[in-house]
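# Examination of the molecular architecture
For reference, the chains in residue letters:
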Amino acid sequence: MAMEWITAIDKRPCDRNLRDCELISCRLRRVEPLCRLPGSALQQLAMCGFYEDLEKGVTLFRAGEQGRYWYAVLGGQLEVRYHAADTKDGKLSVTLCNLGVGATFGESILHDLPRDSTVVTKTTCELLRVEQQDFRLIFEKNKELMNDIITNCRLKNGFGQSMQTTSTVQTNVQQQPSPTKKQLSPDHPNPAAPITEIPSPAMSRMGWALRTLLVSDNTSCLKDRKVGGKFIRKCAPGTELVEWLLNLSPIVHTRTQAAGMWQALLEEGVLCHVAKEQPFKDKCFLYRFKSDEDGTAGGAPTSDDVNHANDHIRESLPALLHRGPDATLRMILRKPSHERTQEELELVYEELLHIAALSHLSTSIKRELASIIVFEAHAHAGTVLFNQGDEGRSWYILLKGSVDVVIHGKGTVATLKEGDDFGKLALINDAPRYTVMSGTPQKMLEHLLETRLGGQAGPNDPFLDDFLLTHIVFMPTPLLIDELAANYHADADIDLRQASEEDQEYFLTSKRRVVQFIQRWVLAVRHAVFDDPLAVEFIEELATDVEAEPALQEEASIIHHVLTQLSRYQEDRQMNATQKWKLPPNGQPICLFSGNTHSKTVIRPDDDIIFRVYCADHTYCTLRFPMATTAEVIKACAADKLQIARLPEDLLLVEVKSSGERVVFKDNDVSVPTALSLNGRIFVSPKDHLDALTPLPEQEVPTEAPDVDFEALSTKDVAYHMTLFDWDLFWAVHEYELLYHTFGRHHFNKITSNLDVFIRRFNEIQYWVVTEIISTTNLTKRMSLVKKFIKLAAFCKEYQNLNAFFAIVMGLSNTAVSRLSMTWDKLPSKFRKLFTEYEALIDPSRNHRAYRMSVGKLQPPVIPFMPLLLKDMTFAHEGNKTSLDGLVNFEKMHMMAQTMRAVRFCRSRHLVLDPPSPKNENEIRNYIRCFRTIDNQRVLNSMSQKVEPRRS
């Protein structure tokens, strides 16, 4: 690693690649205080910094010279010398200080000032050298942190603050604000001030508990201090408060979490900066509890007080931890725009992604908003935000509470609640251009052809892609083909010889746009176009027409490329024309009846599947039908084979789950065998005998699986092969299947088999984890198994297999496992802490905010948490009408297309993983394809009670 990074930094900056920059960043991250800089700043240093390896006695620069570089010390020591006035022996050189690893110097280049001292290497040295122009850019983007690093270095080496900076650097000495200092306006709220007039009871109690423990600990950081000539009682630096909170409880994992918790107390007025000038920062600024400031804290705490405080913190600290991120966000939003760091802007941007009122805005606009949006809190009901007739200056989004809209002479006409926005109509002239909100399908297509093809659409305009991904909901393919044909042949009834040049150009442009539409359509939805016979026929006819038109040579090239894709797809379909599947009888997942089981295989509507259908006495028949066969046909055939003498309308096709729950299929349902739950079975029954259906005996025991000792397998190898297998299942799912699943596949007469299989895989992994753990009777082995599953989750997360990661963590969180207190108590604290972090990541609160923020930072390939994507689709569908007053609600289509694009983004790059050792490869591959599972929660709970009976 050492040689790699030196090789990387030895290159000229212009010759470095991304791998080089990553190696250099990793090395800089090990240097205090450079490690405090955000990753983006370290990347910039890695991209533009030069490496200096100097011998002892080399002079870098002399006093009085004009500076060109800024330096950071990576190794060795340097002397800072000052040359006094002339003496009879010449100038007297005085060593002011020595600079060691982590020191920075040369910042006078920010203001084009001459060097005020001479710097000489004292030993062999390694330095990072950054040119003036590059350093200025990095400094401007990370002003607060860079100021902090530079000032601390100067203070550490005995210098005052001589550097002229654009923002004041605070030290431990705190100054009381001037009594005449003007308060910030609502447009620029003060992040150091509380947002409530009085703290809530919960926060007051938490503040009391934390202060009680701090005061009762004689070695704690809360001390009386003399600051700026004044005596301040019971105050502590932010850095020490953070460290104390980290040591207080294992649920607080990072300094960022701890700082957020203290900020939550500060914003309610429980804690405050001694000079009322700073929000909470993990720095040397001093803070104290409000009760110490106003003298209401009382005497020393008693032992009962300490016990009560400990009890309260055990119960309520998780709630404070949960409030921390929101408090941090509010603090950032109350800072002036120019004071927000790059990391803070990124945090605000990530939060804006989840605000419905901003969902239609482009990424670039949201990033601009992140720097200017501010937080306002209004504690009193009846506060007037603005009056009717006032000039519009702000756009508001309601995060909490409600707002009444009052019109003169009419009174209250509306009440706005959380998530609503208001005030933007007055700013509409500055609003970004947006797509169609609603319209008829024909008019939307016409508008799209006229305004979104031929390079007219902007890079962030989603209208065309939204239309292509969702048109099957409001404009079925036959209707779309008819409209495209009408646009292409708009000149059918015109004698072009008599048409004007403008008309001829118009007709040619119409033809070009239709061809471009076909190209974008195929690009957006791929083989779904080629699966439709009408679409294929239209494309082939279009190719013939385009070739016959000399003015459409470029379009002929486009359509030939589409035909090549069509030909390849049809060849692939022909190769798999005899594809046959089976649904094994003992709960195993669907698999190919024969053939290659190790390559990506898409389940198609005309593929046959072999499966069983049972009746009430558990006798069965075996059927073979295409996947697209309806439930009505299946029940009729099964009833005939099982000799159930009833009319088809008196029969039901039913899934009976292992729990005994019955789910009735609609007659027009398709892909029935793949829609079953993990251990479900298909039954046919007369309507009046539905209650007689009971699970098969084998549904109460684990599903059949290869007999392999999981503990003997390499955890990383298992995660690797699971990820490859899950990737193939995810790859087979078409984005349209999300629409079929959401609106109901019977509406489209389309199968969702690939999506069904992928969802089943999630449940299979989840219940496999539970089944394996509670089937292990030995306590030590059970603890070892829990540890192995936590490691497996870690590897899946590393491979970005988030679907499996969620399934494993949810399996470990299942009540049958989480209640095993003896097992968890025996688990090493390192693994308990890791599992707590993973639980926080899958926390569903605030619409899975933690997961969404985490996955938003990943680059493809990613296997996403599919149940959440389906939840987003359902939320958009059920919360919004598909048509409004006879017009298509295109805002709804946009919301659904956003989720479909997320699926497309996750697999926009191929999965390439470094293969593990080939040892046990075939054994592992067979094992991970079919896990042993029990999905009956009642059975799982019973088995859990047997391995660890409830304590009396």
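The helix and strand tally for the protein chain stands at 34 helices and 26 strands. The proportion of buried residues among the 952 residues of the protein chain is 47%. Taking the contacts inside the protein chain whose residues are at least 6 apart along the sequence as the reference set, 69% of them involve residues at least 24 apart. Split by element, the accessible area of the protein chain, about 47,100 Å² in all, is 51% carbon and sulfur.

We now examine the environment of Ala-528. Relative to the assigned elements, Ala-528 resides in helix H17 (residues 527-530). For the pair formed by Ala-528 and His-734, sequence separation is 206 residues and the distance between their alpha carbons is 8.3 Å. Look past the residues within four positions of Ala-528 in its chain and what remains in contact with it is His-734 and Tyr-736.

Summed over the entire model, instances satisfying the criterion amount to one cavity of 30 Å³ or more. The calculated volume of the largest cavity comes to roughly 200 Å³. For the largest cavity, the lining is made up of 19 residues, of which Leu-583, Pro-584, Pro-673, Leu-676 and Gly-680 are closest to its centre. Among the secondary structure elements, those contributing two or more residues to the lining of the largest cavity are strand S20 (608-614), strand S24 (681-686) and helix H24 (753-774). Looking at the lining of the largest cavity residue by residue, the classes come out as ten nonpolar, six polar and three charged.

Turning to the packing of helix H6 (residues 201-216) against helix H7 (residues 238-248), a few remarks are in order. Here H6 crosses H7 at 100°, and the two axes come no closer than 12 Å. The pairing of H6 with H7 is recorded here as roughly perpendicular in orientation. Taking contact as the criterion, the partners of Leu-210, Leu-213 and Leu-214 in H6 are, on H7, Leu-241, Trp-244, Leu-245 and Leu-248. Split into classes, the residues belonging to the contact of H6 with H7 amount to seven nonpolar, no polar and no charged.

Time to look at the sheet that holds strand S6 (residues 104-105). The four strands are arranged S1-S8-S3-S6 in an open sheet whose pairing can be described as antiparallel. The open sheet is flanked by strand S1 (50-54) and S6, the only strands paired with a single partner. Taken together, the five bridges between S1 and strand S8 (residues 125-131) define a ladder with antiparallel strand orientation. Note that in S8 the partner of Leu-54 across the bridge is Cys-125. Strand contacts of helix H3 (residues 39-48): S1, strand S3 (69-75) and S8, with the helix running at about 95° to S8, the strand carrying the most contacts.

Opposite charge on two side chains permits pairing when their charged atoms draw close. Counted by the stated rule, this structure contains 42 salt bridges. In this structure, the salt-bridge partner of Arg-129 is Glu-52, at a minimum N-O distance of 2.5 Å. Residue Arg-129 is found in strand S8, and its partner Glu-52 is found in strand S1; the two are separated by 77 residues along the sequence. The partner of Lys-657 in a salt bridge is Glu-661, with the nearest N and O atoms 3.7 Å apart. The structure contains a network of salt bridges with shared partners spanning Lys-276, Arg-288, Lys-290, Glu-293 and Asp-294.

Mapped onto the elements, Asp-53 comes out in strand S1. Judged by relative accessible area, which is 51%, Asp-53 ranks as exposed. A C-alpha to C-alpha distance of 9.9 Å links Asp-53 and Gly-76, two positions 23 residues apart in sequence. Sequence-distant contacts of Asp-53, defined by excluding residues within four places in its chain, comprise Thr-124, Cys-125 and Glu-126.

Conventions used here
- Residues numbered from 1 in each chain as written.
- Predicted model: local features only at pLDDT ≥ 70, side-chain atom pairs only at ≥ 80, totals over all residues.
- Heavy atoms only, no water.
- Helix = DSSP H or I, 4+ residues; strand = E, 2+ residues; numbered from the N terminus.
- Buried < 20%, exposed > 50% of the residue type's maximum accessible area, 1.4 Å probe, protein only.
- Contact = heavy atoms within 4.5 Å.
- Areas by Shrake-Rupley, 256 points an atom, 1.4 Å probe, with all protein chains shown as cover.
- 1 Å grid on protein atoms, 1.4 Å probe; cavity = no way out; pocket = protein on both sides within 12 Å on 5 of 7 lines; lining within 4 Å.
- Points joined across faces, edges and corners; volume = space filled by probe spheres on them.
- Nonpolar A, V, L, I, M, F, W, Y, C, P; charged D, E, K, R; others polar.
- Axes fitted to C-alpha atoms, helices over the stretch in contact; angles between N-to-C directions.
- Parallel < 35°, antiparallel > 145°, perpendicular 65-115°, else oblique.
- Pairing = 2+ DSSP bridges.
- Salt bridge = Lys/Arg side-chain N within 4 Å of Asp/Glu carboxyl O.

These figures come from the coordinates and say nothing about function on their own.
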